[in-house]
Amino acid sequence: MDEHYLEDLKQAGLTLTDDGRVCCYWQPSMPDYHDNEWGSPVVDDRRLFEKVCLEGFHSGMSWQLIYNKRENFRRAFLDFDFHAVAQFTDEEVARLMEDPGIVRNRAKILSTINNARRAIELVDEAGSLATWFWQFEPRPEERPLTVDLAWWKNAKTSPESVRMSKALKKRGWTWVGPVTTYSLMQALGLINDHIEGCQCRDKFSVQREMLIRPG
């Protein structure tokens, strides 16, 4: 393989996978998540709620750590059925604080339970979580012409993520700062932040084009 080509990929924030595909530089650390999930549109309320909660746990920690514990989180929080999580009591909190399979952060555990209750209210307000969250999808003209490495490294928030954060906080949600909501927008596929040249970028662009928006 031409070393100059590999260096050019690296400078662009890309990498060549073992099977010969060009992908974002971080693909080797979480290949399935990169290739099949990150940037794929999510409109199922339970999966959407899961992503909100895991992004909250992600705050101040590595995403790879949270992702590797995801099945444990699903078990601990009843597959993120927010109607069930909303009923958690102090006994469940104590159980979760003793669970080594998850991140035992009391504030974040309590936040998940609180946000489950707020999620029920949001469904009553908007009809579904997906309908509410997808209203923050930016218009094409609000997105960069090219998602290159320089832009990608500096894109920690956006006007839409700030608005989403403020709207959620107004409704009593917690651990939903603008950096967290921007990361959530990436994870939900409200935006496609795969770096230009990544072969998964086109795949998720097509998914977004074909998506029937909720609401």
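I will try to describe carefully the structure that is included in this document. (Residues numbered from 1 in each chain as written. Predicted model: local features only at pLDDT ≥ 70, side-chain atom pairs only at ≥ 80, totals over all residues. Heavy atoms only, no water.)

### Examining the environment of Pro41
Now for step 1: Tracing the chain through its elements places Pro41 in the loop between helix H2 (31–36) and helix H3 (45–58).
Now for step 2: The residues touching Pro41, leaving out its near neighbours within four places in the chain, are Trp134, Leu188, Gly189, Gln207, Arg208 and Leu211. (Helix = DSSP H or I, 4+ residues; strand = E, 2+ residues; numbered from the N terminus. Contact = heavy atoms within 4.5 Å.)

### Notes on the packing of aromatic side chains
Now for step 1: Within this structure, the stated rule accounts for 14 aromatic pairs.
Now for step 2: Considering the side-chain rings of Tyr25 and Trp152, the 5.6 Å spacing of their centres and the 85° angle between planes classify their relative orientation as edge-to-face. A residue pair is termed long-range when its members are at least 10 positions apart, and Tyr25 in the loop between strand E2 (22–24) and H2 and Trp152 in helix H10 (residues 149–154) qualify at 127 residues.
Now for step 3: For Trp152, a relative accessible area of 16% puts it in the buried group.
Now for step 4: Ring centres of Trp26 and Trp38 lie 5.2 Å apart, and the angle between their planes is 90°; this geometry places the pair in the edge-to-face category. Within this pair, whereas Trp26 is found in the loop between E2 and H2, its partner Trp38 is found in the loop between H2 and H3, the two being separated by twelve residues in sequence.
Now for step 5: For Trp26, a relative accessible area of 13% puts it in the buried group.
Now for step 6: Aromatic ring contacts, followed pair by pair, group Phe49, Phe57, Phe73, Phe77, Phe80, Phe82 and Phe88 into a single cluster. (Phe/Tyr/Trp six-rings, centres within 6.5 Å; stacked < 30°, edge-to-face > 60°. Buried < 20%, exposed > 50% of the residue type's maximum accessible area, 1.4 Å probe, protein only.)

### Regarding the environment of Gly172
Now for step 1: Secondary-structure assignment places Gly172 in the loop between helix H11 (159–170) and helix H12 (178–188).
Now for step 2: We classify Gly172 as partly exposed; its relative accessible area is 29%.
Now for step 3: Remark: the alpha-carbon pair of Gly172 and Arg117, spanning 55 residues in sequence, is separated by 9.5 Å.
Now for step 4: Beyond its immediate chain neighbours, meaning those up to four positions away, Gly172 contacts Asn114, Asn115 and Arg118.

### Some remarks on the pattern of salt bridges
Now for step 1: For the structure shown, the criterion picks out 21 salt bridges.
Now for step 2: Among the salt bridges present, the one from Asp81 reaches Arg46, with a minimum N-O distance of 3.4 Å. Separated by 35 residues along the polypeptide, Asp81 in the loop between helix H5 (70–76) and helix H6 (82–85) and Arg46 in helix H3 bring together distant segments of the chain.
Now for step 3: The residue Arg213 makes a salt bridge to Glu137 at a minimum N-O spacing of 2.6 Å. Of the two residues, Arg213 sits in the segment after helix H13 (199–210) while Glu137 sits in the loop between helix H9 (129–134) and H10, which places them 76 residues apart along the sequence.
Now for step 4: With a relative accessible area of 30%, Arg213 lands in the partly exposed category.
Now for step 5: Using a relative accessible area of 19% as the deciding quantity, one classes Glu137 as buried. (Salt bridge = Lys/Arg side-chain N within 4 Å of Asp/Glu carboxyl O.)

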